[in-house]
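Observations on the model geometry
Spelled out, the chains give:
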Amino acid sequence: MSALDGFELLLAASTALVRARSARPALLDAYDDAADRLIDGLRGNGIPEQELQKVHKAIARLRLAFEETPPT
């Protein structure tokens, strides 16, 4: 799987989380899986580990925001 595929999955999971009123735990799991795929894809493309850590931190902050924001 490419980094682009991982990004597309991450975006889809993020969109679903914003819209979801139920099934948030399953969507958070999907978000985590997509984030892992994105990082693995970037790592496979030779992105330096320091840059990967920046991306990982940004993804983690976004996930935390989803956890802290109740569905409307």
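Our subject is the structure listed above.
In short, a report on the structure.

What counts, and at which threshold
What you see as residue numbers is a count from 1 along each chain, following the sequence as written. Local features in a predicted model are, by the rule used here, given only for residues with pLDDT of at least 70; side-chain atom pairs are given and counted only at 80 or more, and totals for whole chains, interfaces and linings are based on all residues. Hydrogens and waters are ignored; side-chain quantities use all the structure's heavy atoms. Put simply, DSSP marks the helices as runs of H or I at least four residues long and the strands as runs of E at least two long, and each gets a number from the N terminus on. The buried label goes to any residue with under 20% of its type's maximum accessible area, the exposed label to any with over 50%, and the partly exposed label to all in between, with areas taken from a 1.4 Å probe on protein chains only. Counting rule for charge: Lys and Arg are taken as positive, Asp and Glu as negative, and neither His nor the chain ends is counted. Here, a salt bridge means any Lys or Arg side-chain nitrogen found within 4 Å of an Asp or Glu carboxyl oxygen. What qualifies as a polar contact is a pair of N or O atoms within 3.5 Å, subject to a donor-acceptor requirement within protein and to the restriction that residues adjacent in sequence count only when both atoms come from side chains. To qualify as a nonpolar core, a set must consist of buried Ala, Val, Leu, Ile, Met, Phe, Trp, Tyr and Cys residues joined through side-chain atoms within 4.5 Å. Each patch is built from residues lacking any salt bridge and having more than 30% relative accessible area; the joining distance is 9 Å for like charges and 5 Å for nonpolar side chains (Val, Leu, Ile, Met, Phe, Trp, Tyr). Exposure was quantified through the Shrake-Rupley algorithm and a 1.4 Å probe, taking into account, for residues, occlusion by the shown protein chains and nothing else.

A few words now on the side chain of Arg24. Structurally, the position occupied by Arg24 is in helix H2 (residues 24-44). It is Glu67 that comes nearest to the buried, bridge-free Arg24 among opposite-charge side chains, at 8.4 Å. Looking at Arg24, its side chain comes within polar contact range of the main-chain oxygen of Leu17, at 3.1 Å.

Moving on: the nonpolar core. The biggest cluster of nonpolar side chains holds 16 residues, and the ones touching the most others in it are Leu10, Leu17, Tyr31, Leu38, Leu42, Ile59 and Phe66. At the level of secondary structure, the elements contributing two or more residues to this core comprise helix H1 (3-19), H2 and helix H3 (49-68). Sort the elements by how many residues they give to this core and H2 lands first, with eight residues.

Attention shifts here to a nonpolar patch on the surface. A cluster of nonpolar side chains, Leu4, Phe7 and Leu11, forms an exposed patch at the surface whose accessible area comes to about 310 Å². In this structure, Phe7 sits in helix H1. Owing to a relative accessible area of 42%, Phe7 belongs among the partly exposed residues under this scheme.

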